[in-house]
Amino acid sequence: MSELMIEAFELSRTFGAKEAVKGINFSVRRGEIFGFLGHNGAGKTTTIRMLTGQIDPTGGRAQVAGYDVVRQNRELKQHIGVVFEDPNLYERLSARRNLEFACWLYDVPVSRVDEVLELVKLRDRAKEPLRTFSNGMRQRVMIARALLHRPEVLFLDEPSRGLDPITARDLRRTIARLSQEGMTILLTTHMMEEADQLCHRVAFIANGQLVANDTPRNLKLQHGERTMTVTLSEAGSLVEKLIHMDQPAEQAVLMQWMAEGKVLAVHSNEATLEDVFVKIAGTRLA
Ligand SMILES: Nc1ncnc2c1ncn2[C@@H]1O[C@H](COP(=O)(O)OP(=O)(O)OP(=O)(O)O)[C@@H](O)[C@H]1O
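Values in this document were obtained by computation on a predicted structure and should not be read as measured data.

### Looking at the overall build of the chain
So, step 1. The helix and strand inventory of the chain stands at 10 helices and 13 strands.
So, step 2. In the chain, which comprises 286 residues, the share counted as buried stands at 34%.
So, step 3. Expressed as a percentage of contacts within the chain between residues at least 6 apart in sequence, the contacts between residues at least 24 apart total 68%.

Set out below in structure tokens:
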């Protein structure tokens, strides 16, 4: 069995009377990209803050890279990298200087800077001041900084927030490459397509509870409705109809159209992760 790098057991957190996370259980294997999806206020950030040792759980427990997030908080922080919203970068300094500064701060040899710049493919722009960088490049500098101390698990909160599609795709490639090299990655995203393309497994969180946890493919197979778009010839014009294949009455209608020779084309539609989320969580993500 492969090694579990994140394990949560009945992990819970309350803020006063508010139960933000209500006893969640999940695990992530080494090298996996695990996506956390949910509405605003569902409990994603609270979960990540517990897993990264920033706040203590009020119930249950969790281990990351083998360290208990409460009892071994110091060791935990040496083995994880965290990329959160606040960039905390120096605009007037180059990418290289920003990273060197972080090396001094965290007592990491400066020789590591070239390695992380290579990991995020920024070596050729490393001497330029950060203020000339796009949001995507800045995001890569933040990832590079989080990798300086060779963490085994990387946490990314909404990595594609505010990025245009091309830049977001480049960033996904960076994340996928890190995973291929053995990095375990837990990320949150609002973008269903991103989760579908990038994540080996996704968990849906709603009202502080995990309501699904599986590969995007399995989720689509289990929960996604199979539909067909049928093109018919009716009274001399072309009409498109949607048929839900798990509804016997709709199947019968399709058979009838076929028997009548009305069907010109049938196109099978794949369920999307968004469809699955709507079915399980009730509403669409923003
Ligand atoms: N420090 C806090 N004090 C009080 N309530 C909090 C605190 N932090 C989070 N909450 C509440 O806990 C719930 C879960 O919040 P959390 O930030 O984990 O959600 P989220 O899924 O990360 O949402 P978003 O996508 O908006 O970041 C929300 O109802 C939030 O208001």
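### Description of the confidence of the model for the chain
So, step 1. Mean pLDDT over the chain: 90, with 97% of residues reaching 70 or higher.
So, step 2. The complex prediction reports pTM at 0.85, with the ipTM value standing at 0.95.

### Overview of the pairing of strand 11 (residues 227-234)
So, step 1. Pairing of strand 11 with strand 12 (residues 237-244), which is carried by 8 bridges, proceeds in the antiparallel orientation. Each bridged residue has a counterpart across the sheet, and for threonine 227 the counterpart in strand 12 is histidine 244.
So, step 2. Here strand 11 runs beside strand 13 (residues 263-269); their pairing, made up of 6 bridges, is antiparallel. The partner of leucine 232 across the bridge, within strand 13, is valine 263.

### A few points about the packing of helix 3 (residues 95-106) against helix 5 (residues 135-147)
So, step 1. Direction vectors running N to C along helix 3 and helix 5 enclose 30°, while the axes themselves pass 10 Å from each other. With respect to helix 5, the element helix 3 is oriented roughly parallel. Crossing geometry of helix 3 relative to helix 5 is assigned as right-handed. Contact with helix 3, carried on its side by Ala95, Asn98, Leu99 and Ala102, involves Val141, Ala144 and Arg145 of helix 5 and no other residues of that element.

### Remarks on the site of the ligand
So, step 1. Around the ligand, the structure places Phe15, Lys18, Ala20, Gly38, Asn40, Gly41, Ala42, Gly43, Lys44, Thr45 and Thr46.
So, step 2. When contributions to the shell around the ligand are tallied by element, the ones reaching two or more residues are strand 2 (18-29) and helix 1 (44-51).
So, step 3. At 3 residues, helix 1 tops the list of elements feeding residues into the shell around the ligand.
So, step 4. A class-by-class count of the residues in the shell around the ligand yields 3 nonpolar, 6 polar and 2 charged.

### Thoughts on the domain arrangement of the chain
So, step 1. Per the domain assignment, the segments of the chain are domain 1 (4-91 + 151-221) and domain 2 (225-270).
So, step 2. Between the C-alpha centres of domain 1 and domain 2 there is a distance of 42 Å.

### A closer look at the packing of helix 5 against helix 6 (residues 165-180)
So, step 1. Packing of helix 5 against helix 6 leaves a shortest axis separation of 9 Å and a crossing angle of 20°. As summarised for this structure, helix 5 and helix 6 are arranged roughly parallel, according to the angle between their axes. In this structure, helix 5 crosses over helix 6, and the sense of that crossing is right-handed. Here helix 5 contributes Asn135, Gly136, Gln139, Arg140 and Ile143 to the contact with helix 6, which in turn contributes Thr167, Asp170, Leu171 and Thr174.
So, step 2. Broken down by class, the residue content of the contact of helix 5 with helix 6 amounts to 2 nonpolar, 5 polar and 2 charged.

### A look at the nonpolar core
Nonpolar side chains in soluble globular proteins tend to end up buried together.
So, step 1. Judged by nonpolar contacts, the single largest core of 66 residues is most densely connected at Val64, Ala144, Phe155 and Ile185.
So, step 2. Leaving out residues up to four positions away in the same chain, alanine 144 has contacts with Leu99, Val116, Leu117, Leu119, Val120 and Leu122.

### Observations regarding the sheet that holds strand 11
So, step 1. Pairing within the open sheet is antiparallel, and its 3 strands lie in the order 12-11-13. Both outer strands of the open sheet, strand 12 and strand 13, are each paired with one neighbouring strand and no more. Strand after strand, the sheet turns through a mean of 20° between neighbouring axes, direction not considered.

### Quick notes on helix 3
So, step 1. Taking 1.5 Å of rise per residue, 12 residues should cover 16 Å, and helix 3 covers 17 Å from first to last C-alpha, within 8% of that figure.
So, step 2. Every buried residue of helix 3 is listed here: Ala95, Arg96, Asn98, Leu99 and Ala102. Viewed end-on, helix 3 has its buried residues packed into an arc of 160°, placing them on one side of the element.
So, step 3. Elements in contact with the buried residues of helix 3: helix 4 (112-119) and helix 5.
So, step 4. One or two steps after helix 3, the chain reaches aspartate 107, where phi turns positive at roughly 60°.

### Side note on helix 5
For the α-helix, the turn length of 3.6 residues means that residues three or four positions removed from each other point alike.
So, step 1. Helix length check: helix 5, at 13 residues, gives a terminal C-alpha distance of 18 Å against a target of 18 Å (1.5 Å per residue), a fit within 8%.
So, step 2. Those residues of helix 5 lying buried are Met137, Gln139, Arg140, Val141, Met142, Ile143, Ala144, Arg145 and Leu147.
So, step 3. Summarising the contacts, the buried residues of helix 5 are in contact with strand 6 (80-83), helix 3, helix 4 and helix 6.

What counts as what
In this convention, every chain numbers its residues from 1, walking through the sequence in written order. At least 70 in pLDDT is required for a residue's local features to be given in this predicted model, at least 80 for side-chain atom pairs to be given and counted, and no such filter applies to totals for whole chains, interfaces and linings, which use all residues. The helix count covers DSSP runs of H or I at least four residues long, the strand count covers runs of E at least two residues long, and both are numbered beginning at the N terminus. The burial label depends on the number of other C-beta atoms within 10 Å of a residue's C-beta. Counts of 20 or more mean buried, 12 or fewer mean exposed, and intermediate counts mean partly exposed, with C-beta atoms placed from the backbone. By definition, residues are in contact whenever their C-beta atoms, placed on the basis of the backbone, come within 7 Å of each other. Confidence of the predictor at the level of single residues is given by pLDDT, which spans 0 to 100. Here the rule is simple: two strands pair whenever DSSP picks up at least two bridges between them. Note on geometry: axes are C-alpha line fits, over the in-contact stretch for helices, and angles between N-to-C directions span 0 to 180 degrees. We call two directions roughly parallel when the angle between them is under 35 degrees, roughly antiparallel when it is over 145, roughly perpendicular when it lies between 65 and 115, and oblique otherwise. Left-handed describes a crossing whose near helix is turned anticlockwise from the far helix by less than a right angle; the clockwise case is right-handed. The criterion for a residue being near a molecule or strand is simple: its C-beta atom, placed using the backbone, must lie within 6 Å of it. Classification used: nonpolar for Ala, Val, Leu, Ile, Met, Phe, Trp, Tyr, Cys and Pro, charged for Asp, Glu, Lys and Arg, polar for all others including Gly. What counts as a domain boundary in this text is fixed by an automatic or database domain assignment. A set of buried Ala, Val, Leu, Ile, Met, Phe, Trp, Tyr and Cys residues, joined to one another through C-beta atoms within 7 Å, is what we call a nonpolar core. One less than the number of residues in a helix, times 1.5 Å, gives the span that helix is expected to have. Working definition: the arc comes from the directions between the helix axis and the C-beta atoms, pointing outward to the latter.

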